[in-house]
Each structure stands twice: as C-alpha cells, then as structure tokens.
Amino acid sequence: MSGHFGRAGRRGFAVGGGYLLVAAGLAVLGVSGALSGLRVAHSFAFHPGLQDALNEIDNVLAVAGAVLVVATLTAVGLVKVGGFRSPRVAQVDSWSSREFTDLGRRRRSRVRSVLVAVFAGGIPVVASAGVCLAVLTTSIGTEVSSGPNRPIVAALDRLAPGGELVVGFSYAMPMVEDAVSLPLVSRIEAAAGARGVGSHVLRLDLGSLSSSAGQYDILGVGVSEPAGSPLAWSAAQGCGDISAAVDRAAGIPAGSSVSIDGSPVRVVAVTSGLSATNRIGVVMDQAAMATCLEQDPSAPVQAVVLDTSAAQARLILAAADRGAEPAVVVSRARYLANSEKFWTSNVKPITNILALVSGLVALIAMAGAVNGRLLRNRREYASKLASGVSIGVLRSTELLRAAKDGLVASIIGSILGLVVVPLTNMTEPGFDAGVSEKDILVGCAVGLVGCLGGALLRTARLDRTVDVAESTRI
C-alpha cells in the first residue's frame, strides 16, 4: 500500500509540477507581451460554390423541420392512440416517459405530471438551447440579408415611386456606387415628361450624422423636392441652410440641429421605416446632398426611377440619347435582388454555419444524455432483456423518448427565441430582427435531428452497451 501510494504520490507531484511550470511560463509570456498580437490563421481561395451551398442551408433545414415536426407528431400520436388497443405499445409509451430507475414513489408536481403524460417527463435543456441558438442565428441572418432593403423599398414606395430604374449597369444596388450623369438625367426626365411618365431622381449617400445624442452612420436618400416642401433647397440658400428628415430610430426630435458629413442640417421632420443594419435613414433634397454633402453640384445620381412598364422605360432611355454613357433599365425587383444577394453572401454563410454548429451541439448533447441514461438504467435494461423483452422494443423506447424530447426542445427553444431575438434590436440602430415561421422550422430541425440522431447513435449497438450477463449477475 505504501509503495503504491509512494508511486502515485511521485506521479502526482510530477504532474502538479508540470502544471505550475506551464502556469509560470504563461504568466511570464503574458506580462512580457510576447503573446500580444499572436494570431493563427490560414487564407484559402474563395469558392463561390461553397458559399452558395452555405446560403441554402437554412432553406434546407426549414424544409427538414417542417417534415420532421409533422412526422414526429404523427409518430408520437399514433403510439399514444395505439396504446388503447395494444398493451405492448402502451408499455413502450409508458417506458419512454420515465426512467426505469424512477419507481414513481415521489409525488410529482403538476408540471412534471403533464410532461410525463404528454412528452418524456423532462426538459432537455441543452437541446432546447440549441433550438434557441438556431432560431436566433437564422433570424439575425435574415435581418442582415433582407433588412438593408427595407429603407430602399420605403424610398421607392414613398419618395420615388416606380417599377423601373435607369442605372449605370445591370448589377447596380445601394451598396455599389452607381453613376448616371446629370445631363443624361435631364434628358431622361424630358423624354419621360413628353410621354406623360412620372420620373424621380434617386441619390444615395452613405455618410455620417453627428448630434448631441451621438454619432450615427446614415443611409441618405436624396430626391427632388417640390417648391414649398419643408425639405426643398436651392443653391441660393447655401450649405448653411439645409433641411432634412431623420428616421425615428435615431431618437432625434424635430427642431434639432445636427451635422451630416460635416454640413450643418436642421431636422424639420421625423420619418420611419428608412433605417436598417446600423444606418439611420435621412431624407433631403438631392441637390443639397450633391452640393453640400458630396461637394459636387454636378455629381451623378444613383438612378432615375420611372413609373411605367419595362418596355416604355427602355423606349424613354433610347429617346434620351445617352451617347457613349453606359446606362440600362432594370426592374425594381432586380435592383432589390442585387442588394439582397450582396447582403446574403455577406452574412448567411456565417449564420448558417452557426445553425449547423447548434445542431451538432444538440446531437452530441443528446447522444451523451442517452448514453448516460443507458448506463444508469443498465441493470433494469438487462433485467428486461433477460425476461424476454426484445432489443427492438428497448431501442424503440429510446427513440420514442428522443422524439418526445425533440418536440419539447423545439417548443421551449422556439419560445426562448421569441424572447431573445427582439432583444438583439437594442444592440444597433435600425436593426429589426424578428422570428418567422422559417426561423422556427430551422430550430425544430436542429432540435429533432439532434435528439433523434443522438438516440440513433447510442442505441445502434444497445446490446453492447447493456451486458445482460454482467448486469444481472448477483
């Protein structure tokens, strides 16, 4: 005994000394700054196919979630209904709602009684967290990819209505600098007016706003304001007298004085629906935006919006004599699709990877939970196997329990997502994430695949986990 204790003591002393040496070395490196700036990375070539595949993961998971929810509800429902006619089915249903070591002597709470009667008797916490994380990441990905289009849609609806846009190239969008020259704009407006078609200049500015409340990045929307409008501006007023409307997301009241791109601006109105993804919407006269913010009265515009059909818009552009200047007509839908594609490629691969990771976490967690339950109950399992219960019945019991756990995790995780997701809107101005049916279905896919997959992994060789001879030996 003493010799064994001596060897164990010396081994423990050596290991402990190793810990102390590593701790001392890390402390020295940290204090000396040797670890500062340390970064391990490896750059890989961009693969469009991989990005496209990752962009579709949430769509695939949503379809899988819809199928799994219906299939799982149907399977559990058939088992419970079938229990009225088959004692064996009823026994499997009962076994799947409690552990064999739970003799039922404790008085159950009302909540636990409901969980036993309807589901599997408990709440799978990690799987529920995985569902919540999947709902959160998917909803954030949706907002980041489609949210930037919200102010553009509002601008095209309220400020520059029309279904066709004259832009410099077919892939034009708000996040890419476009250029339609003012002379061409004037000719397009003249050609449209001759045909009785409404036209609107659309100028965009990705600038900065400073106020007593703080500093914000902005999406400035410049349109031609009619005389008499509070936002109307003329060169005679100069850059010291500019009016603008600011989105309510900034919390800046009308009558405030702010600075936009270094120019003093009076906030004469508060608007809404023009902010997204950390950019506050600002509306002003497009001439003021060009002259004072862009420092170029003849600066080209983003687009000319025509309130007409595609065929008529192309005729107007042809009549405008664009010369050698590149310009094309694109539909409003194409313009918005270009924008969404940019933002989708910008964030969806990352958020979809996180959704997959949450599913993997749920899978590993549930596999561990099933394995732990098998080990805790191996004597009872072995006893039932010895008494003639088939391995298939026990495997079905665990899979049914996993199905019930998956449903519980989907419900609890989705409810948590409904609470957590709106809280993210406080983290940046203009952010407006919400939970959609698709987001919940992605979470359900994560929860059900995690629970059922974990159970399948651990019950595939149930006969090896439960050794009848060993576990029933007295």
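All residue numbers here refer to positions counted from 1 along the written sequence of the relevant chain. Selection of residues for local features in this predicted model requires a pLDDT of at least 70, selection of side-chain atom pairs for listing and counting requires 80 or more, and totals for whole chains, interfaces and linings are taken over all residues. Hydrogen atoms and water are omitted, and side-chain values are computed over all heavy atoms in the structure.

## Points about the nonpolar core
Core analysis: the biggest nonpolar cluster contains 20 residues, and Leu-209, Ile-260, Val-282 and Met-284 have the highest contact counts within it. Only β4 (214–223), β5 (242–247), β6 (257–260), β7 (263–271), β8 (280–285) and α9 (286–293) provide two or more residues apiece to this core. It is α9 that provides the largest number of residues to this core, a total of 4 residues. In contact with Ile-260, not counting residues within four places along its chain, are Ser-208, Leu-209, Ile-218, Val-265, Val-282, Met-284 and Leu-293. Residues belong to a common nonpolar core when they are buried Ala, Val, Leu, Ile, Met, Phe, Trp, Tyr or Cys residues joined through side-chain atoms within 4.5 Å. To sort residues, take the accessible area from a 1.4 Å probe on protein chains only and compare it with the maximum for the residue type: under 20% means buried, over 50% means exposed, and anything in between is partly exposed. Put simply, DSSP H or I for four residues or longer makes a helix, DSSP E for two residues or longer makes a strand, and each gets a number counted from the N terminus. Here a residue-residue contact requires only that any non-hydrogen atoms of the pair lie within 4.5 Å.

## Observations regarding the domain arrangement of the chain
For the domain bounds, the source is a domain assignment made automatically or taken from a database. Each domain of the chain was delimited in the assignment, giving domain 1 (49–146 + 343–471) and domain 2 (169–326). Using only C-alpha atoms to locate each centre, domain 1 and domain 2 end up separated by 51 Å. Taken together, the 7 residues of domain 1 in the interface contact 9 residues of domain 2. Of the roughly 580 Å² buried between domain 1 and domain 2 on both sides combined, carbon and sulfur atoms contribute 66%. Buried area is a sum: the accessible area each of two parts loses on coming together, probed at 1.4 Å, counted once for each and added. Considering only the surface of domain 1 that becomes buried against domain 2, Trp-343, Pro-429 and Gly-430 emerge as the three largest contributors, covering 74% of it. The salt bridge definition used is simple: a Lys or Arg side-chain nitrogen within 4 Å of an Asp or Glu carboxyl oxygen. Taken together, domain 1 and domain 2 are joined by 0 salt bridges.

## Observations concerning the state of the cysteines
Our working definition of a disulfide is a cysteine sulfur pair at a distance within 2.5 Å. Summed over all chains, the structure comprises 1 disulfide. Cysteine Cys-132 remains unbridged, with the sulfur of Cys-444 as its closest cysteine sulfur at 12 Å. Cysteine Cys-444 is unpaired, with the sulfur of Cys-451 as its nearest cysteine sulfur at 11 Å.

## Regarding the packing of helix α11 (residues 332–376) against helix α14 (residues 437–459)
Angular values range over 0 to 180 degrees, each being the angle between N-to-C directions of two axes fitted as lines to C-alpha atoms, with helices fitted over their stretch in contact. Across the interface, α11 lies against α14 with an axial gap of 7 Å and an inter-helix angle of 35°. The chirality of how α11 crosses α14 is right-handed. Together, Lys-348, Ala-355, Ser-358, Gly-359, Ala-362, Leu-363, Met-366, Ala-367, Val-370, Asn-371 and Leu-374 of α11 and Lys-438, Val-446, Val-449, Gly-450, Cys-451, Gly-453, Gly-454, Ala-455, Leu-457, Arg-458 and Thr-459 of α14 make up the contact between the two elements. Crossing handedness is read from the near helix: turned anticlockwise from the far helix by less than a right angle, it gives a left-handed crossing, and turned clockwise, a right-handed one.

## Focus on the environment of Trp-95
On the secondary structure map, Trp-95 appears in helix α4 (residues 87–95). Its relative accessible area of 10% is what places Trp-95 among the buried residues.

## Some words on the side chain of Arg-203
Looking at the secondary structure, you find Arg-203 in strand β2 (residues 199–205). A distance of 3.1 Å separates a polar side-chain atom of Arg-203 from the backbone oxygen of Ala-299. The residues touching Arg-203, leaving out its near neighbours within four places in the chain, are Leu-182, Gly-220, Val-221, Gly-222, Gln-286, Met-289, Ala-290, Glu-294, Ala-299, Pro-300, Val-301 and Gln-302. Here a polar contact is recorded for every N or O atom pair within 3.5 Å, except that within protein the pair must consist of a potential hydrogen donor and a potential acceptor, and residues adjacent in sequence are included only if both atoms are side-chain atoms.

## Observations regarding unusual backbone geometry
Unusually for a residue other than glycine, Asn-278 sits at a positive phi of about 65°. With respect to the helices and strands, Asn-278 occurs in the loop between β7 and β8. Residue class for Asn-278 comes out partly exposed when judged on its relative accessible area of 34%. With a phi close to 60°, Gln-295 is a non-glycine residue in the positive phi region. Considering the arrangement of structural elements, one finds Gln-295 in the loop between α9 and β9 (303–306). Since its relative accessible area comes to 59%, Gln-295 is described here as exposed.

## A closer look at the packing of aromatic side chains
Side-chain rings of Phe, Tyr and Trp (the six-membered ring for Trp) are treated as a pair once their centres are within 6.5 Å; stacked means planes under 30 degrees apart, edge-to-face means over 60, and tilted covers the remaining angles. Applying the stated criterion to the full structure yields 1 aromatic pair. Ring geometry for Phe-342 versus Trp-343: centroids 5.2 Å apart, planes at 85°, classification edge-to-face. Owing to a relative accessible area of 14%, Trp-343 belongs among the buried residues under this scheme. Two thresholds decide whether a charge sits over a ring: the Lys NZ or Arg CZ must be within 6 Å of the ring centre and within 35 degrees of the ring normal. Sitting over the face of the ring of Tyr-171, Arg-334 holds its NZ or CZ atom 5.1 Å from the ring centroid.

## Things to note about a nonpolar patch on the surface
Nonpolar side chains (Val, Leu, Ile, Met, Phe, Trp, Tyr) are joined into patches within 5 Å and like charges within 9 Å, using only residues with over 30% relative accessible area and no salt bridge. Computed with the Shrake-Rupley method and a 1.4 Å probe, the accessible areas treat only the protein chains shown as cover for residues. Residues Ile-123, Val-125, Val-126, Ile-353, Val-357 and Val-361 make up a contiguous nonpolar surface patch of about 480 Å² in total accessible area. When contributions to the nonpolar patch are tallied by element, the ones reaching two or more residues are α6 (125–146) and α11. It is α11 that provides the largest number of residues to the nonpolar patch, a total of 3 residues.

## Re the environment of Ala-154
Among the structural elements, Ala-154 can be located in helix α7 (residues 149–159). Note: C-alpha distance between Ala-154 and Val-60 (94 residues apart in sequence) is 30 Å. Not counting chain neighbours up to four residues away, the residues in contact with Ala-154 comprise Leu-159, Gly-273 and Leu-274.

## Quick notes on the environment of Arg-458
In this structure, Arg-458 sits in helix α14. Accessibility expressed as a relative area gives 36% for Arg-458, which makes it partly exposed. Taking the C-alpha atoms as reference points, Arg-458 and Ile-411, separated by 47 residues in sequence, lie 24 Å from one another.

## Structural notes on the pattern of salt bridges
All chains considered together, the criterion is met by 6 salt bridges. Residue Asp-157 is joined to Arg-332 by a salt bridge in which the shortest nitrogen-to-oxygen separation is 2.8 Å. Of this pair, Asp-157 sits in helix α7 while Arg-332 sits in helix α11, placing them 175 residues apart in sequence. Its relative accessible area of 21% is what places Arg-332 among the partly exposed residues. A salt bridge links Glu-398 to Arg-401, with the nearest nitrogen and oxygen atoms 3.6 Å apart.

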